[in-house]
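Chain residues, written in single-letter form:
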Amino acid sequence: MSRIESIIRTVMRMPRVAALPGLGGAHTLRVYLAPQQLASVMLHGGRELHGSAHSAELDNPGGHWQGAIEALRALILQSRVAAADITLEISLASRWCQMVLAPWSDALLSPADAARFLQTQLAALYGDQARSWQIVADDTPYGSPRTVCGADTLLIEALKALAADQGCRCQIIEPALATALRTLPRQPKTRAAFVPGAADAAGASGAPLQAPARAAARGLAAHALAVVESGRITMATIQSGHITAIQSQPCGLTWQLELPQAWQRWTLRAPELAAIESIAVIDLCPPRSTALALAPPPLPPRFHLQANPFGAPQAPTKTAAGEAA
Amino acid sequence: MTQLNFIPRPVPLTGWRLALLAIGLLALVPAALSWIARAQAVSHLEAQLTQTQPHRLTRPALAPAQQKELDQQVKAVADAVRQLNLPIARLIKTLQAPRDIHVALLALDLNSQPSQDGSDNTSPTTPAGALKIAAEAENAQDMINYLAFLNQQPIFRSVYLVKHETSADAADHPYHFQLEAQWRQ
């Protein structure tokens, strides 16, 4: 039995994606695609349908996206909602879409020059393979750095082709960090206390960290977001809804211990981050088996665990997890 | 809000964009009402103008044979009018050579059409035409003097020698020559 067949069988064992009885019309299937995980939740009218959140671990040691796409195809096929009524919102794991914060340049004023400039920024960090990526960038105001995300063009095209084959409407393909930011509860518009020396410290710490310093110096509230995926933590600072700094690093199963340390190390490199008092944490890791899971250590008070945008699936049983693996 | 969507989406028409559109449309309402009122006034005036204008008499179309006959009649009348308008007396008086130029007029052809080249810048209403003159001179000098004399006359726009020859039959070998003169009034 091939890997792909194994993945499809794993997905087929998931409970069927439900729809509320008597509720017709458009449904939104929000999907998180990761090398070893497929999480999904069905939304109707912007609200999560009860019991529609599911998560499956995929037997995909190589981590190629082809297996995840076949799992998504199987998920759509076994859905109780007609494919034509499904709008797809696909979130990609950080393994498949790389992000960088590009400094402001006048090249961003022209669309053609901006594409070349942003591609160069990605290539400088991720090598020449980034020149074949499909890129997308945040539309920040003049003078502000831009968040750039690059993903394999074949992956994006395969996802579009899958949606077209199944008759779905694919509305969003974005990195998981953007999904987390989009679904995050709105922060109250408060004015943070002025941080003395924040701008100076930012100036000494490097380009990617200058924006939160400027925000703090202006007295505007900034907050942070940490997205925890299997094996990786991605932290970002947010100012007026825009990402102003990104930090990503690998992590193990005990991310609750590693996240405060990672934030502390980032704060040491950029002291202005100490002014941020609240860090929203979103855990996208697959639920552990109840038989194997240990009680996770508590997070420090400044870290607030937020709801998973892909719902809260039931933890798989040991047998199911074993078969999936 | 940071949006990193690999599927381009149109800008949603919500929030301040919708409000701005509504304000723009509201600002255009008075202009639209004014334009409608002016358009109605213009159409009303045009209708009044149409009613006050006299109706044009429509002439029934003639059969092809009748039309051809009518054209021929018009052409004949135009020719007759042109003949009647020829300043014959003035032309003949002008053609008379002075006493010191020994030239005898032999023939005049008044039916020549005026030249159609680009140099003819006379208006259609101005009488004009060509005149062929046959004459006889005692010698070449008289012929040339007569040609120069005609060129000096204001009624002639141009006079040129068409041909000349000496008569071998006559005893004093006179010059026979033809001139063509473009005249206009």
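Throughout, a residue's number is its position along its own chain's written sequence, starting from 1. Labels are handed out in written order, letters beginning with A for the chains and numbers beginning with 1 for the ligands. Given that the model is predicted, a residue must reach a pLDDT of at least 70 before its local features are reported, and side-chain atom pairs must reach 80 or more before they are shown or counted; all residues, however, enter totals for whole chains, interfaces and linings.

### Some words on the overall build of chain B
Right, so step 1: What counts as a helix is a DSSP run of H or I of at least four residues, what counts as a strand is a run of E of at least two, and both are numbered from the N terminus. In terms of regular secondary structure, chain B is built from four helices and four strands.
Right, so step 2: Walking chain B from its N terminus toward its C terminus, one meets helices and strands in the order α-α-α-β-β-α-β-β.
Right, so step 3: In this scheme the burial state of a residue depends on its C-beta neighbours within 10 Å: 20 or more other such atoms mean buried, 12 or fewer mean exposed, and anything in between means partly exposed; the C-beta positions come from the backbone. Put simply, chain B has 185 residues, and 13% of those count as buried.
Right, so step 4: Taking contacts inside chain B between residues at least 6 apart in sequence as the whole, the part at least 24 apart equals 61%. Once C-beta atoms are placed from the backbone, any two residues with those atoms within 7 Å are in contact.

### Some points on the overall build of chain A
Right, so step 1: On a plain count of helices and strands, chain A comes out with nine helices and 14 strands.
Right, so step 2: Within chain A, residue pairs in contact and separated by at least 24 positions form 69% of the contacts whose partners lie at least 6 positions apart.

### A closer look at the pairing of strand β9 (residues 169-175) of chain A
Residue and element names in this part refer to chain A.
Right, so step 1: By the criterion of burial, β9 is predominantly enclosed, with five of the seven residues buried.
Right, so step 2: Pairing between strands requires that DSSP locate at least two bridges from one strand to the other. In terms of strand pairing, strand β5 (residues 86-92) meets β9 through six bridges, oriented parallel. Bridge assignment links Leu92 to a residue of β9, and that residue is Pro175.

### Describing the packing of helix α2 (residues 65-77) of chain A against helix α4 (residues 153-166) of chain A
Residue and element names in this part refer to chain A.
Right, so step 1: Note on geometry: axes are C-alpha line fits, over the in-contact stretch for helices, and angles between N-to-C directions span 0 to 180 degrees. Relative to each other, α2 and α4 sit at 20 degrees, their axes nearing to 11 Å. As the angle between them shows, α2 and α4 are arranged roughly parallel. When the axes of α2 and α4 are compared, the crossing they make is right-handed. Contact residues: Trp65, Ile69, Leu72, Arg73 and Ile76 in α2; Leu155, Ala158, Leu159, Leu162 and Gln166 in α4.
Right, so step 2: Tallied by class, residues from the contact of α2 with α4 come to eight nonpolar, one polar and one charged. Each angle gets one of four labels, with under 35 degrees taken as roughly parallel, over 145 as roughly antiparallel, 65 to 115 as roughly perpendicular, and the rest as oblique. A crossing counts as left-handed when the near helix is turned anticlockwise from the far one by less than a right angle, and as right-handed when that turn is clockwise. By the convention adopted, Pro, Cys, Tyr, Trp, Phe, Met, Ile, Leu, Val and Ala count as nonpolar, Lys, Arg, Asp and Glu as charged, and the other residues, Gly among them, as polar.

### Quick notes on the environment of A:Ser91
Residues and elements named next belong to chain A.
Right, so step 1: Relative to the assigned elements, Ser91 resides in strand β5.
Right, so step 2: A C-alpha to C-alpha distance of 4.9 Å links Ser91 and Ala176, two positions 85 residues apart in sequence.
Right, so step 3: For Ser91, the residues in contact, after removing those within four places along its chain, are Val31, Tyr32, Leu33, Glu174, Pro175, Ala176 and Thr179.

### Considering the environment of B:Glu180
Residue and element names in this part refer to chain B.
Right, so step 1: Within the secondary structure layout, Glu180 lies in strand β4 (residues 175-184).
Right, so step 2: Glu180 gets classed as partly exposed once you count the C-beta atoms within 10 Å, which come to 16.
Right, so step 3: When the C-alpha positions of Glu180 and Val162 are compared, they lie 6.5 Å apart, and in sequence the two are 18 residues distant.
Right, so step 4: Once you skip the residues sitting within four places of it in the chain, Glu180 turns out to touch Ala130, Lys132, Tyr160 and Val162.

### Things to note about the sheet that holds strand β10 (residues 222-229) of chain A
Residue and element names in this part refer to chain A.
Right, so step 1: Strand order in this open sheet of five strands is β12-β11-β10-β13-β14, and the pairing throughout is mixed. Here the strands that pair on one side only, and so sit at the sheet edges, are β12 (242-250) and β14 (303-305). Within this sheet the neighbouring strands show an average axis-to-axis angle of 25 degrees, counted without direction.
Right, so step 2: As defined by bridge partners, strand β11 (residues 232-239) adjoins β12 across eight bridges and the pair is classed as antiparallel. Bridged to Thr237 within β12 is Ala245.

### Quick word on unusual backbone geometry
Right, so step 1: In this structure, A:Ser240 takes a positive phi of about 55 degrees despite not being glycine.
Right, so step 2: Position of A:Ser240 among the secondary structure elements: in the loop between β11 and β12.
Right, so step 3: A count of 16 C-beta atoms within 10 Å places A:Ser240 in the partly exposed class.
Right, so step 4: Positioned with a positive phi, B:His173 is a non-glycine residue whose angle comes to about 50 degrees.
Right, so step 5: Note that B:His173 resides in the loop between β3 (156-166) and β4.

### A few points about the nonpolar core
Right, so step 1: Under the definition applied here, buried Ala, Val, Leu, Ile, Met, Phe, Trp, Tyr and Cys residues are grouped into a nonpolar core through C-beta atoms within 7 Å. Grouped together as the largest cluster of nonpolar side chains are 85 residues, with contacts concentrated most on A:Leu33 and A:Ala226.
Right, so step 2: No other element matches the eight residues that α2(A) contributes to this core.
Right, so step 3: Look past the residues within four positions of A:Ala226 in its chain and what remains in contact with it is A:Ile233, A:Met235, A:Leu259, A:Ile279 and A:Val281.
Right, so step 4: Grouped together as the second largest cluster of nonpolar side chains are 17 residues, B:Leu131, B:Ala135, B:Ala137 and B:Leu179 included.

### A short note on the confidence of the model for chain B
Residues and elements named next belong to chain B.
Right, so step 1: pLDDT: the predictor's confidence for each residue, scored from 0 to 100. Counting all residues, the mean pLDDT for chain B is 85, and 90% of those residues have values of 70 or more.
Right, so step 2: Highest mean pLDDT in chain B belongs to helix α1 (residues 16-52) (94); lowest belongs to strand β1 (residues 103-112) (85).
Right, so step 3: Note that residues 118-122 has pLDDT below 50 and, in this model, four contacts with residues that lie over four places away or in other chains.
Right, so step 4: The ipTM for the predicted assembly is 0.77, set against a pTM of 0.60.

### Quick word on helix α4 (residues 140-151) of chain B
In an α-helix, one turn spans 3.6 residues, which is why side chains three or four residues apart end up on the same side.
Residues and elements named next belong to chain B.
Right, so step 1: Between its first and last C-alpha, α4 extends 17 Å over 12 residues, near the 16 Å set by a 1.5 Å rise per residue.
Right, so step 2: Along α4, the residues classified as buried are Asp142, Met143, Tyr146, Leu147 and Leu150. Buried positions in α4, seen along its axis, are confined to an arc of 140 degrees and lie on one side of it. Of the residues in α4, the exposed ones pointing more than 90 degrees away from the buried face are Ala140, Gln141 and Ala148. Multiplying one less than the number of residues by 1.5 Å gives the expected span of a helix. Picture the helix axis, draw a direction to every C-beta atom, and the arc is the one those directions span.

### Quick word on the sheet that holds strand β8 (residues 146-152) of chain A
Residue and element names in this part refer to chain A.
Right, so step 1: Overall, antiparallel pairing links the three strands, which are arranged β6-β8-β7 in an open sheet. Every interior strand has two partners, whereas the edge strands, β6 (97-102) and β7 (133-137), have only one. Going across the sheet, the axis of each strand differs from the next one's by a mean of 25 degrees, ignoring polarity.
Right, so step 2: As judged from the six bridges shared by β6 and β8, these two strands associate in the antiparallel manner. Residue Leu101 lies in a different strand from β8, and its bridge partner there is Thr147.
Right, so step 3: Each of β6, β7 and β8 is contacted by helix α3 (residues 111-126), which is oriented at about 115 degrees to β6, the strand it contacts most.

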